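Summary of the model geometry
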Amino acid sequence: MGEVGWIVLFVMTFISCNAFLDLSSVHQVTGTWMGSTTVPCTYVPSEDFTQQTLSWSLERDSSTSTIFRRDDSGDHILLSKFRGRVSVQKHSPGDASLRIQNLEIPDSGHYTCQIIWRSRDNSLITREVTTIVKVVKVAATKPIIRAAGPGLTLPAGASTRLSCEAGGSPPISYRWFRAGRAEPLSSGAELAWPSLRPSDSGTYFCEAHNRAGAGAAQRSDAVQLTVTDLPTTTVALQRNVGTTRGHHSTTGQEDSSDMEHTVTDPVPTTRVSRMDTAPVGPFTDTGSPRLAASPLLYGLPAALGGAALGALLAAGLGCWRRRRRKDEPLYEVAFRRTADVALLHPEVEVPAKCLQEETCSSTEKTTVKDRKSPEYENLVTAMESQYGTEGIY
């Protein structure tokens, strides 16, 4: 029973190893000349087995040559014609697929993937799988035009581009045409407009061809590009300054003739007129507006008239002041003795000392002319305001 048990365990382990380390691939891969392709080779990794070596070989014309080899020292490309064109992923356990770029016709043949693992008991297990690779020249297929951005109907001033895509063996050459014109517009895969104009509206198509197609070009379906006009605003300007979202335009005419300008802009437009802009008057018989007189035409005569009137008023005021000084009345102030005051006005009490002084015995008359003290000025002002006269006689 013990021997039977060991046999069963060995068989199960062998079957399990085959299940885990079985390589998967396809029977045939068709690659496009000057294109790229991948020859698959995958397996399910196991912790009980460690990959030791990986190699790819090519069998062609009854001869086999190793193309690629990976071991503990690294990756090695053994055939010079494949250097820089083949690679195998490094950090993808279980994936040993071979990537071939820039396929050539001689690359066709039988590709064999071989992997050697080491088990925990240091035994080696080898597996391999073969895939047929066929490299063919494929003529360019019918191209397809793809529009970038919002579509094929755009406003003037917008930017857009059209892309022409075709399959087949590279390199593929492209040309762009506009319906009704025999000469091509460009020879690239893209046709671009940095700023569309209404005249760009039309029907466009592209052609694709390669060397595999014996020079025969494949034409795409035509597409219609529509460029819509901008909203148009017509205004009459007289030396106006227009500002539209950072675009500055100033009329270059200095005369007063009417000028009609057409402003086109996809965004609302703001017009700022100068202060010296003359308003537009009634329309003439011919239909054109009549330009009203500018306020500046009245400014200079008004200023000159005001200055002359001011000068006349100043001269008249000066003459009036000189005449007033000449016609001013004389005021007589009499100083009498205290005794006379007492005789004339008995009700007034007069000090006795003043009656005995010699200085009070004589009468003094003083005539004052043009002697203007502050008290005098105040007295004259009060009397003039009370009686409405210019002097007291």
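Everything discussed here concerns the structure shown above.
We now turn to the structure provided with this report. Remember, predicted model here, so these are calculated numbers, not experimental data.

With that settled, the discussion passes to the sheet that holds strand β14 (residues 190–193). Strands sit in the order β10-β12-β14 across an open sheet of 3 strands; the sheet is antiparallel. Lying at the two open borders of the sheet, with one neighbouring strand each, are β10 (144–147) and β14. On average, each strand axis in the sheet is inclined to that of its neighbour by 15 degrees, with strand direction left out of account. The sheet contact formed by β10 and strand β12 (residues 160–165) spans 4 bridges and is antiparallel. Bridging from a neighbouring strand, Ile-144 pairs with Glu-165 of β12.

This paragraph deals with unusual backbone geometry. Omega for the bond connecting Pro-170 with Pro-171 falls within 30 degrees of zero, at 0 degrees, which places this linkage in the cis form. Along the chain, Pro-171 falls in the loop between β12 and β13 (173–178). Positive phi, normally seen in glycine, also occurs at Asn-102, with a value near 50 degrees. Summarising the element assignment, Asn-102 is placed in the loop between β7 (98–100) and β8 (109–119). Since its relative accessible area comes to 39%, Asn-102 is described here as partly exposed.

All chains considered together, the criterion is met by 3 aromatic pairs. Between Tyr-43 and Trp-117, the ring centres sit 5.1 Å apart and the planes meet at 75 degrees, which makes this aromatic pair edge-to-face. With Tyr-43 in the loop between β2 (37–39) and β3 (49–60) and Trp-117 in strand β8, this residue pair connects regions lying 74 residues apart in the sequence. Both rings, one in Phe-177 and one in Phe-205, keep their centres 5.4 Å apart while their planes meet at 10 degrees; by these two values the pair is stacked. With Phe-177 in strand β13 and Phe-205 in strand β15 (residues 202–209), this residue pair connects regions lying 28 residues apart in the sequence. The ring of Trp-33 has Lys-137 sitting right over it, with the charged end atom 4.4 Å from the ring centre.

Here the structure, examined in full by the defined rule, presents 2 disulfides. The disulfide partner of Cys-41 is Cys-113, and the S-S distance across this bridge is 2.2 Å. Handedness of the Cys-41-Cys-113 disulfide follows from its S-S torsion of about -70 degrees: it is left-handed. Here Cys-113 lies in strand β8 and Cys-41 lies in the loop between β2 and β3, a separation of 72 residues in the sequence. By the burial criterion, Cys-41 is buried, and Cys-113 matches it. Across the disulfide, Cys-164 is cross-linked to Cys-206 (sulfur-sulfur distance 2.1 Å). Disulfide Cys-164 to Cys-206: torsion about the S-S bond roughly 70 degrees, handedness right-handed.

Definitions and limits used
- Residues numbered from 1 in each chain as written.
- Predicted model: local features only at pLDDT ≥ 70, side-chain atom pairs only at ≥ 80, totals over all residues.
- Heavy atoms only, no water.
- Pairing = 2+ DSSP bridges.
- Helix = DSSP H or I, 4+ residues; strand = E, 2+ residues; numbered from the N terminus.
- Axes fitted to C-alpha atoms, helices over the stretch in contact; angles between N-to-C directions.
- Buried < 20%, exposed > 50% of the residue type's maximum accessible area, 1.4 Å probe, protein only.
- Phe/Tyr/Trp six-rings, centres within 6.5 Å; stacked < 30°, edge-to-face > 60°.
- Lys NZ or Arg CZ within 6 Å of the ring centre and 35° of its normal.
- Disulfide = S-S within 2.5 Å.

Function cannot be read off these values alone, since they describe shape.
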